[in-house]
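The primary structure of each chain is shown beneath.
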Amino acid sequence: MRTAEIKRRFLAHFEANGHTVVPSAPLPAIDDPNLLFINAGMVQFVPYFLGQQAAPWKRAVSVQKCIRTPDIDEVGKTSRHGTFFQMNGNFSFGDYFKAEAIPMAWDLLTKSLDHGGYGLDPESLWATVYLDDDEAIDIWHRTVGLPMDRIVRRGKKDNYWSMGIPGPCGPCSEIFIDRGPSYGREGGPEVDEDRYMEIWNNVFMQYERGPGTDKENFPILGELPARNIDTGMGLERIASVLQGVDNLYEIDEVRPLIEKAEELTGKRYGASKSHVASESHPDDVRLRVIADHVRTGLMLIGDGVTPGNEGRGYVLRRILRRAIRSIRLLGFEGQAMPHLLPVARDCMAPSYPEVASDYDRIARYAYAEEDAFLSTLRQGTTILDLALTETKSAGGEKLAGSKAFQLHDTFGFPIDLTLEIAAEQGLSVDVEGFKALMLEQRTRAKADAAARKSGHADLSAFRSVLDEHGPTDWVAYSTLESDATILAMLKEGLPTRHAAPGEVVTVILDRTPFYAESGGQDSDAGRLVGADVEAEVLDVQRPVKKLVSHQVRVLHGELHVGQKVHAAVDAEWRLGARQAHSGTHVVHAALRQVLGPAALQSGSYNRPGYLRLDFSWRGALSPETRSEIEEVSNLAVRSDLLVTANVMPLAKAKDLGAIALFGETYDEDVRVVEIGGEWSRELCGGTHVERSAQIGPMAVTGESSVGAGSRRIEAVVGHEAFRYLARERDLVLRLAELFRVPSDQLGDRVAQMMAQFKDTEKELEKLRAQMVLANSGGLAAGAKDVRGVAYVGAEAPEGTGANDVRTLAQDVRGKIDPKRPAVVAVTARANGKASIVVAVNAAAKIAGLSAGDLVKGALSGKGGGNADLAQGGGVPAEEAGALLLAVEKLVAERA
């Protein structure tokens, strides 16, 4: 049974049992500050479990896309760990509980294939329950008919579920399937979880937990507002059972990737000849890593995540690079993603058609990341080779752990590759030192994560206002002013009834014309004015759905709950915001017209007069392309296109081709903003102009990289564009006057002068070098005898370049009798700092002197180079003479 069919049967079974089918949320956990990604099927339903929001349905069923990364190093080594997976789940929000949930799960698992079930043998199934959950045991034994010897009590670590952070939790009952003696030892789940594989978890969500250190140590804060059901059945795990394969890597959505990797590398999967993943050959592990990570990368990019150095982007980057590294370890040296990613697309498209329709954008990011990593490998190899050469030159046999860590942390260079290359050159690596530095980094990361994972924000005060007074009457689309009543106020998160002049408080109104920050648009500015009171509106947000909050500063008078005020948006602010937001849509449409449909927006921000837009693209835009985008945008403005906003069902909006922002979740009804009809059609909740001409002129001010395969374009509109263009005009006029040429010849004149400057600079460099070297013979002749070593200590003229200082030191060294040990030290001052170069001849090296050691000794360990030539600096300029004396003293001590 194919995975897509398993998914269809699950949804159909619970829909027939009164559940509403809910689509999977995007992988990025946008609304949860504690999670980088959705990691369980219940994440999108947490506000309903906690009672923060009323659930739209009593029963729901979904197949949720999930990502779990804590066990990323275990991927491929076991049959249980996968980075991307799909979680089948059925949910009850205060409706049914254990007595209904357990039989419904059993029914689907054991029902015949002809009747829409999975047809599993009841004799192969086991159940586990929490230690004291006699009710669940009774249901399993008396209602379902499971023998007592296949019902196992387990502790909090195994049978008590939470998200790992403060939030909803409860005891659970898991269902395991016995896959037979070839998979491991007999005796049930407590004995062997490879043979007895968990396929379903029924969580009886009825409590709220507090902060804790692990899966077992956390306090129970109390009961939830209602008893709920949260179940999870891993789609990949049940697919491996129903398809008769050993593990999740061999199901129909993953195995073709292994086969393609086999074809590319010449390796053959199954080298270990064992059903148990933990006994796998290293090549099998790497093939599984490739398959898992390429599929994960496809799904993450498909949901709007792009490779980067922080947060979600870093996780994606690490996953893609692990896949690339794994296939190189198997012997494939070329670009792998163009071969592997299309296979992942074809595997996942039956369940997620969007990965096929959006493949060009997905591939652009993945291919760019592979190119960047291959460049990193080349650069890292060069740096490593230099470090190994220096280690051997210094007589060392082990590369420093700090150098291995630098390569790993700064350049993303894998430690196993460092070990491999070092071994090839006859050196080892200080692995313990490397591990210690890695541990320090992980400790810092865990501390940062612990500080961030504070559980779900306490929104109870806002929820209470919503429950008591209902949704905010939000009139931002229709007016800039309205009378209102203050329903509640908060100060530092706590309810308050009064606010004096100078205080900053959060105000909830019954009605508001203020736009709350969302969709990339900044919030409105304005005033609340009442009898003898005025407050400035600083920020506007939606802390919970359907409620608008205002952060205000009291200017004079006193605000209090129940007070009547007049809420007025700053009209100029709103106009500028509308121009910028409509301008963002225009620039997006222009990008797609000039570059093609693959240039899709991945993020945006706009405030009055300014906009920026991030989009998927590989490589910088040429000046000509930037000009064309600007021209297309201004042509749309000049055409005075009609701008409309209509609310419609999401399905209809998609049929019309409306563009949605990646990573966002949408309600069943959405707002579609059109500029010139189909010329620009996007899902958007922002405020906009009525016609495109109202945007005013538009000027592109910048274009830059924001990560591999991602670019950012910035622009100004309206009065800000006038000001920007006026400044540019004034600058051109001033320069034209200075150069005494017409404006249209300014570029050629500047280029001509720059060429002249470069020629003059080259001549000056030659003259400086000649002046510096002119005295090298005299310096060599005046060498001081320091315990049998000819020592020259000299200061070059101030401003002498680093190359000239090195050349002088080497030239002086070359003019001293080579049979005589010689050390030459030359300092130079520039920009308030002093530097030093030390050159040592062969005779001095035989005598035990090293240029690198002398520089480091003079600079307290700083500086770098080899035994022949070394340099360092960065000390105050007045210490130049002291550096020469320090080197002389070291020569006297070591000669």
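Residues numbered from 1 in each chain as written. Predicted model: local features only at pLDDT ≥ 70, side-chain atom pairs only at ≥ 80, totals over all residues. Heavy atoms only, no water.

Here we look at the nonpolar core
Then comes step 1: Counting 108 residues, the largest nonpolar core has Leu109, Trp140, Ile199 and Trp200 as the members making the most contacts within it.
Then comes step 2: Leave out the neighbours within four places in its chain, and Trp200 touches Phe10, Phe14, Asn90, Ala105, Leu108, Leu109, Ser173, Glu174, Ile175, Thr231, Gly232 and Met233.
Then comes step 3: Of all hydrophobic cores here, the second largest spans 27 residues; its members include Leu591, Ile629, Cys684 and Val700. (Core = buried A, V, L, I, M, F, W, Y, C linked by side-chain atoms within 4.5 Å. Buried < 20%, exposed > 50% of the residue type's maximum accessible area, 1.4 Å probe, protein only. Contact = heavy atoms within 4.5 Å.)

A word on the pattern of salt bridges
Then comes step 1: Following the criterion strictly, the structure yields 45 salt bridges and no others.
Then comes step 2: Note that Asp467 and Arg463 form a salt bridge whose closest N and O atoms lie 3.2 Å from each other. Of this pair, Asp467 and Arg463 both sit in helix H16 (residues 460–469), four residues apart, which is roughly one turn of the helix.
Then comes step 3: One network of salt bridges, in which partners are shared, links Arg154, Asp158, Glu190 and Glu193. (Salt bridge = Lys/Arg side-chain N within 4 Å of Asp/Glu carboxyl O. Helix = DSSP H or I, 4+ residues; strand = E, 2+ residues; numbered from the N terminus.)

Quick notes on the sheet that holds strand S24 (residues 610–616)
Then comes step 1: In spatial order, the strands read S23-S24-S29-S28; together these four strands make up an open sheet with antiparallel pairing. In the strand order of this sheet, the two ends are held by strand S23 (601–607) and strand S28 (698–705), each with one partner. Geometrically, the sheet is characterised by an average inter-axis angle of 15 degrees between neighbouring strands, direction not taken into account.
Then comes step 2: Helix H12 (residues 359–393) contacts S23, S24 and strand S29 (710–717) of the sheet and is inclined by roughly 85 degrees relative to S24. (Pairing = 2+ DSSP bridges. Axes fitted to C-alpha atoms, helices over the stretch in contact; angles between N-to-C directions.)

A look at unusual backbone geometry
Then comes step 1: The phi dihedral of Asp532 is positive, around 60 degrees, even though this residue is not glycine.
Then comes step 2: Within the fold, Asp532 resides in the loop between strand S18 (526–530) and strand S19 (533–544).
Then comes step 3: At Asn831, a residue that is not glycine, the phi angle is positive and equals roughly 55 degrees.
Then comes step 4: By the secondary structure assignment, Asn831 is in the loop between strand S32 (822–830) and strand S33 (833–840).

Looking at the sheet that holds strand S25 (residues 643–649)
Then comes step 1: Here we have three strands laid out as an open sheet, ordered S25-S26-S27, and antiparallel in their pairing. The open sheet is flanked by S25 and strand S27 (680–683), the only strands paired with a single partner. Taking the axes of each pair of neighbouring strands and ignoring which way they run, one obtains an average angle of 25 degrees across the sheet.
Then comes step 2: Alignment of S25 against strand S26 (residues 669–675), held across seven bridges, turns out to be antiparallel. Looking across to S26, one finds that Asn646 is bridged to Val672.

As for the packing of helix H8 (residues 282–302) against H12
Then comes step 1: The N-to-C vectors of H8 and H12 enclose an angle of 120 degrees; their axes lie 9 Å apart at closest approach. Taken as axis vectors, H8 and H12 run oblique relative to one another. For the crossing formed where H8 meets H12, the hand is right-handed. Touching Leu298, Ile301 and Gly302 of H8 are Arg361, Ile362, Tyr365 and Ala366, all from H12.
Then comes step 2: Looking at side-chain class alone, the contact of H8 with H12 contains five nonpolar, one polar and one charged residues. (Parallel < 35°, antiparallel > 145°, perpendicular 65-115°, else oblique. Left-handed = near helix turned anticlockwise from the far one by under 90°. Nonpolar A, V, L, I, M, F, W, Y, C, P; charged D, E, K, R; others polar.)

Considerations on the side chain of Ser240
Then comes step 1: Mapped onto the elements of the fold, Ser240 is located in helix H6 (residues 235–242).
Then comes step 2: Residue classification places Ser240 among the buried residues on the basis of a relative accessible area of 1%.
Then comes step 3: Those residues in contact with Ser240, other than ones at most four positions away along the chain, are Met197, Val245, Asn247, Leu248 and Ile251.

Re the packing of aromatic side chains
Then comes step 1: Applying the stated rule across the entire model yields 20 aromatic pairs.
Then comes step 2: Ring geometry for Tyr48 against Phe93: centres 5.7 Å apart, planes inclined by 85 degrees, an arrangement best described as edge-to-face. Remark: Phe93 occurs in strand S3 (residues 84–93) and Tyr48 occurs in helix H2 (residues 46–50); sequence separation between them is 45 residues. Judged on exposure class, the residue Tyr48 and its partner Phe93 are both buried.
Then comes step 3: We note Arg209 situated over the ring of Phe218; from NZ or CZ to the ring centre the distance is 4.1 Å. (Phe/Tyr/Trp six-rings, centres within 6.5 Å; stacked < 30°, edge-to-face > 60°. Lys NZ or Arg CZ within 6 Å of the ring centre and 35° of its normal.)

Some thoughts on the side chain of Glu236
Then comes step 1: Of note, Glu236 is situated in helix H6.
Then comes step 2: Ignoring any residue separated from it by four or fewer positions in sequence, one finds Glu236 in contact with Phe84, Phe85, Gln86, Leu248, Ile251, Glu253 and Arg295.

Looking at the environment of Glu668
Then comes step 1: Here Glu668 shows up in the loop between helix H19 (650–655) and S26.
Then comes step 2: On the basis of relative accessible area, Glu668 is assigned to the exposed category, the value being 67%.
Then comes step 3: As a C-alpha pair, Glu668 and Met648 span 20 residues in sequence and 8.5 Å in three-dimensional space.
Then comes step 4: With sequence-adjacent residues up to four places away left out, Glu668 is seen in contact with Met648, Pro649 and Leu650.

Considering helix H7 (residues 255–265)
Then comes step 1: Turning to H7, its buried residues are Leu257, Ile258, Ala261, Glu262, Leu264 and Thr265. Along the axis of H7, the buried residues cluster in a sector spanning 165 degrees; they form a single face.
Then comes step 2: The secondary structure elements touched by the buried residues of H7 are H8, helix H9 (311–329) and helix H10 (337–348).
Then comes step 3: Directly beyond the C-terminal end of H7, a positive phi value near 80 degrees is found at Gly266. (Arc of directions from axis to C-beta.)

Some remarks on the environment of Ser428
Then comes step 1: Note on placement: Ser428 falls in strand S11 (residues 428–429).
Then comes step 2: Distance in space between the C-alpha atoms of Ser428 and Lys398 is 4.7 Å, their sequence separation being 30 residues.
Then comes step 3: When residues no more than four places from it in sequence are discounted, the contact partners of Ser428 are Glu397, Lys398 and Leu399.

A look at a nonpolar patch on the surface
Then comes step 1: Together, Val750, Met754 and Phe757 make up an exposed nonpolar region whose accessible area comes to about 270 Å².
Then comes step 2: Inspection of the secondary structure puts Met754 in helix H21 (residues 746–773). (Patch = residues over 30% accessible without salt bridge, like charges linked within 9 Å, V, L, I, M, F, W, Y side chains within 5 Å. Areas by Shrake-Rupley, 256 points an atom, 1.4 Å probe, with all protein chains shown as cover.)

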